[in-house]
Amino acid sequence: MARLYSFTARSRLPVIYANNAHGCWDGDAPAHVARACAGPGGDVVRTVAPAPGDRFLFKPRYSGFDGTPLARVLGDLQATRLVLAGEATEMYVAQTAIDARGQGFQVTVLGDACATVEP
């Protein structure tokens with residue numbers, strides 16, 4: 001994930017984070033990231049934390065499309081292909097990929113930039 005994020009920054013590709021709100025719907029993305037960085041695995045989170053200019057969406061369910069403005073944001077960016085990475089591949093990444101295909105996007109899931117809940 002860190003290599004992917006470094007590549008997107010160098011290439012000036014848009015990055016969109018779709019994160020579980022974990023019951024905190026105040027819209028404060030920096031505080032959300034700070035809590036994640038302070039928790040277990042925070043050292044890893046810091047290597048892929050959003051940079052200024054990255055988009056950050058809170059999501060209520062598995063898919064980044066379900067209950068979020070992601071489709072609108074992608075439309076504004078005139079995106080046709082999504083490259084997905086993240087945690088809980090079997091849940092969040094997979095469901096977002098399925099929904100993206102259903103909406104007509106070309107989708108690539110970078111398996112080496114994903115993590116699973118269980119081995």
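Let me begin by describing the structure that accompanies this report.

1. Considering the pattern of salt bridges
Link 1 in the chain: Per the stated rule, a full pass over the model turns up one salt bridge.
Link 2 in the chain: Of the charged contacts in the structure, one is a salt bridge between Asp66 and Arg61, with a shortest N-O distance of 3.7 Å.
Link 3 in the chain: When its relative accessible area of 49% is taken as the criterion, Arg61 is described as partly exposed.

2. Thoughts on the side chain of His32
Link 1 in the chain: In this structure, His32 sits in helix 2 (residues 29-38).
Link 2 in the chain: The class for His32 is buried, based on a relative accessible area of 9%.
Link 3 in the chain: For His32, the contacting residues outside a window of four places in its chain are Asn19, Asn20, Ala21, His22, Phe56 and Phe58.

3. Some words on the layout of surface pockets
Link 1 in the chain: Within this model, the largest pocket holds a volume of roughly 1,600 Å³.
Link 2 in the chain: Sort the elements by how many residues they give to the lining of the largest pocket and strand 3 (residues 81-86) lands first, with six residues.
Link 3 in the chain: Of the residues in the lining of the largest pocket, the class split is 34 nonpolar, nine polar and four charged.

Thresholds applied
- Counting of residues starts from 1 at the beginning of each chain's written sequence and follows it residue by residue.
- A pLDDT threshold of at least 70 governs which residues receive local features in this predicted model, and a stricter bar of 80 or more applies before side-chain atom pairs are shown or counted, although totals over entire chains, interfaces and linings include all residues.
- Side-chain numbers come from the whole structure's heavy atoms, not from hydrogens or water.
- Note on definitions: salt bridges are taken to be side-chain nitrogens of Lys or Arg within 4 Å of carboxyl oxygens of Asp or Glu.
- Whether a residue is buried, partly exposed or exposed follows from its accessible area with a 1.4 Å probe, protein chains only, as a fraction of its type maximum: under 20%, in between, or over 50%, in that order.
- Going along the chain from the N terminus, every DSSP run of H or I of four or more residues is numbered as a helix, and every run of E of two or more is numbered as a strand.
- Between two residues, a contact is recorded if the distance between any of their heavy atoms is within 4.5 Å.
- The pocket and cavity definitions rest on a 1 Å grid over protein atoms only: a 1.4 Å probe that fits but cannot leave marks a cavity, an open set with protein on both sides within 12 Å along at least five of seven lines marks a pocket, and residues lining either have an atom within 4 Å of a point.
- Grid points are joined across faces, edges and corners, and a volume is the space filled by probe spheres set on the points.
- In this count, Pro and Cys sit with the nonpolar residues alongside Ala, Val, Leu, Ile, Met, Phe, Trp and Tyr, while Asp, Glu, Lys and Arg are called charged and the others, Gly among them, polar.

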